[in-house]
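Residue strings, one per chain:
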Amino acid sequence: MIESIIKRNGELEPFSPDKVNGWGQWASKKLGNSVDWGSVVIDAVNKCQKVCSSLDLQKALIEVCLSRKTWEYNLMAGRLYASLIDREVFNSSIPTIKQVHQSLIDANIMVQLAYSDEEYAALEKVIDHSINYTYPHYQLNQIRYKYSLRNKVAKKEYESAQFVYMRMAMALAEYEKTDRLYHVQQFYEHFAHGRINVPTPYYVNLGTRLKGYASCCLYTTDDTAKSLATGDHIAYMMTCASAGIGTHIKTRSLGDPVRGGVIQHQGKLPYYRSMVGAIGANLQNGRGGASTVHYTAFDPEVEVIQKLRHPTTPQSKRIAGCHYSFGSNRSFGRMVAKNEDYAPFSYHDQPELYEAQYLKDTTVFDKLYTEYAKTAKVKFNARDIAMGALTQAYDTGVQYLHFTDAMNKHTPFKETIYQSNLCQEINLITKPFSSIEELYKAIYEEGDGEIGLCNLAGAVVSNITSDKQYASVTYYCLKMVEYTLDHAEYPFPNLRNTAQARRSAGVGIMGLAHWMAKNNHKYDTLEGRNAIHELFETHMYHLVNASLKLAKELGTAEWIHKTLWPEGWLPIDTYEKNVDQLVTVGNKRDWESLRKEIIATGGIRHSVLAAHMPGESSSLGSGTTNGAYPIRELYLIKTNDTQVNHWAAPDGTKLKNKYQSAWTISTSDMIKAYAVMQKWTDQGISADLYVNMKGTDKISSTEILQDYLDMLKYGMKTRYYVNSNTASGVSLNSTDDEEGEINNEQEICESCSL
């Protein structure tokens, strides 16, 4: 029992129950009967020593709230924590925006933004620090320790959440020629009210001298020594720039002739090892970089590649420093369905057939393959190879899927897409480089290589309250992408030229699980798929309109002619029509009028617009559920290398019976939901599946194969993780207060994880 309290000034005073009761009442204000502030106070007091500081008592109150494992107690902890932050960072006297910026400038952390004293004064009327007191604890904790600017060595802090949002808003609108303060206010309000989800690099670099807004990087190589070496250089430099890497190494296979047969080729594995060394040589937030290597079913080395991370593979032959994505098309899928043997082929021997596997229509591929297979000596069983890749996802967690024909069918791009990115939601054009020097050419020439680079953002659908507001959110998401494209520092002149010419954006949906629960929808019902169809149509419709608006303001993308947009392309033109079997609603928006406007404008501002990323990191900063995923539990402890966050599903107590646990959704139903989302997505989806492996629950090889064939049937472009349920949490079907799951999912891509 506390007897004495040490005040902030060091003085000792008798413990006053009335004061701590006042804290409890204040922190629980507006939470009603969902919290019992009295028991929180009693438990907190019992945790403390006889003599303790007021700071220790406040922290004890927060700890007790978090131990209750509900959304409302997380909000109560958030109010206490917001007060604690104001106390620890500002000594309970909140400075002005100008004062905070000047302190950061003096500390050589922030640069001077070109705003007058009068503009700073006007923005002082916009910023609202009371919003901090409405956030859950985990949101404040994420912003404080991951996103706010600080001197980590001196442990000096400068910003609370609202200062972070205002800094970003002011940096993004700094170069607006008209209505600058209006744009600042719009950015700020969308950030502060959790409508726009911001990638991690934007949080930590906007307003500073650092211009690394690195998003997802994709590259491919050609079958020459210089091109392969250039690929390693790209991997090395882009890892330095904090980008996750998507790799496609186009080279000959093991045993192929080199220099007319004088040398026997060593295959792809030495190049994989070299790439892993390049990305592992540099750290991203204290850990090495990461890459996903893309290979296909038709690779002669497929049996070896798909086992490179497997624990049964001898250590000397294992390459565990990267992830792998298994590629296939419908032609291979038919062979799998019929349990047929098939003939793999080398890029060296069959370059035309190799390229044909990436065509949107398999007709050309089938013709070339049929002729080749007549004389092919090596045959694999298609079902065995498919199962080898599919079961790796269960064994290692990092064997993904990409579908080479679907990626090149449902896209506005005219050129070939070879791969996805690290997290499997980006589908962009890549072209091999002939040499490292080509990367550093000041002027791009047709025929030069190209790195795929995509800048990300997220629309938090659970926090958007009207169609008009949704239109504004997508517009400002794309304006944010515009700023980062134009003001980023690029490792290579070539990348600057191609990224700015393409202007590829990937604006995803965040908070879908919360939105579904609020509207009483389920992922695995027809009614739920209909709702997803309408929401994702709305998302894409507003993105196209926003990009069209920006095209009228700023001009179309320089390379828009390399896409189908000038011809009036829309996602309704190329989506997989089998998706129509999954819903009973039609399209709700006036797409044909929009098509006419696009044609009249000559295209839009961006080559691509939508990509649905995991958002594992920055969904915490928005106080929402991550990505398009269902929740796993109502309460989770989410960890990364430096912090622990007590996550609670938004409105989890009220919506307990409305939220749907991922573990209750079959893989088949989840695939159908993703297929509906893919209809309205010009890039891809980090599409996770969930398998309950607790107790006697198992999944059969028949189910695994059927899932694969369904992905092909319904036009999915990629599949990301297969998650297995092996830990307990606060169940959606129980009132027991169980131990929360420790979610140590590795945040290997700061942008895809947003």
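See the structure shown above.
So, here's what we can say about the structure. Since the model is a prediction, treat every value here as computed from it, not as a measurement. (Residues numbered from 1 in each chain as written. Predicted model: local features only at pLDDT ≥ 70, side-chain atom pairs only at ≥ 80, totals over all residues. Heavy atoms only, no water.)

1. Focus on the side chain of Glu616
- Within the secondary structure layout, Glu616 lies in the loop between α24 (591-601) and α25 (618-621).
- What makes Glu616 buried here is its relative accessible area of 10%.
- In this structure the side chain of Glu616 is engaged in a polar contact, spanning 3.2 Å, whose partner is the side chain of Lys638. (Helix = DSSP H or I, 4+ residues; strand = E, 2+ residues; numbered from the N terminus. Buried < 20%, exposed > 50% of the residue type's maximum accessible area, 1.4 Å probe, protein only. Polar contact = N/O pair within 3.5 Å; in protein donor to acceptor, adjacent residues only side chain to side chain.)

2. Description of the packing of aromatic side chains
- Here the structure, examined in full by the defined rule, presents 38 aromatic pairs.
- For the pair Phe187 and Tyr476, a centre-to-centre distance of 4.9 Å together with 80° between the ring planes defines the contact as edge-to-face. On the criterion of sequence distance, the pair formed by Phe187 in helix α9 (residues 180-192) and Tyr476 in helix α19 (residues 467-487) is long-range, its members being 289 residues apart. Tyr476 shares its class with Phe187; the two are buried.
- Ring geometry for Phe298 and Phe332: centres 5.9 Å apart, planes at 75°, overall edge-to-face. Of this pair, Phe298 sits in the loop between β13 (291-296) and α13 (302-305) while Phe332 sits in helix α14 (residues 330-337), placing them 34 residues apart in sequence. Both residues of the pair, Phe298 and Phe332, belong to the buried class.
- One aromatic cluster is present, built from ring pairs that chain together Tyr295, Phe298, Phe326, Phe332, Tyr342, Phe345, Phe365, Tyr369, Tyr372 and Phe380.
- Note that Lys562 overlies the ring of Trp559, its terminal NZ or CZ placed 3.6 Å from the centroid. (Phe/Tyr/Trp six-rings, centres within 6.5 Å; stacked < 30°, edge-to-face > 60°. Lys NZ or Arg CZ within 6 Å of the ring centre and 35° of its normal.)

3. Overview of the pairing of strand β18 (residues 452-460)
- Extensive coverage of β18 is indicated by the burial of nine of its nine residues.
- Burial of the side chains of β18 extends over both faces: Gly452, Cys454, Leu456, Gly458 and Val460 are buried on one face and Leu453, Asn455, Ala457 and Ala459 on the other.
- Where strand β6 (residues 196-197) and β18 come together, two bridges link them in antiparallel fashion. Within β18, the residue paired with Asn197 across the bridge is Gly458.
- With three bridges joining them, strand β7 (residues 216-220) and β18 adopt antiparallel strand pairing. (Pairing = 2+ DSSP bridges.)

4. Re the layout of surface pockets
- Looking at the second largest pocket, its volume works out to about 710 Å³.
- Around the second largest pocket, the lining is made up of 30 residues, and of these Trp71, Leu75, Thr134, Tyr135 and Pro136 lie nearest the centre.
- Elements that contribute at least two residues to the lining of the second largest pocket include exactly α4 (71-90) and α21 (512-518).
- If you tally residues by element for the lining of the second largest pocket, the top one is α4, at four residues.
- Broken down by class, the residue content of the lining of the second largest pocket amounts to nine nonpolar, 13 polar and eight charged. (1 Å grid on protein atoms, 1.4 Å probe; cavity = no way out; pocket = protein on both sides within 12 Å on 5 of 7 lines; lining within 4 Å. Points joined across faces, edges and corners; volume = space filled by probe spheres on them. Nonpolar A, V, L, I, M, F, W, Y, C, P; charged D, E, K, R; others polar.)

Honestly, that's just the spatial picture; any functional story needs more than this.
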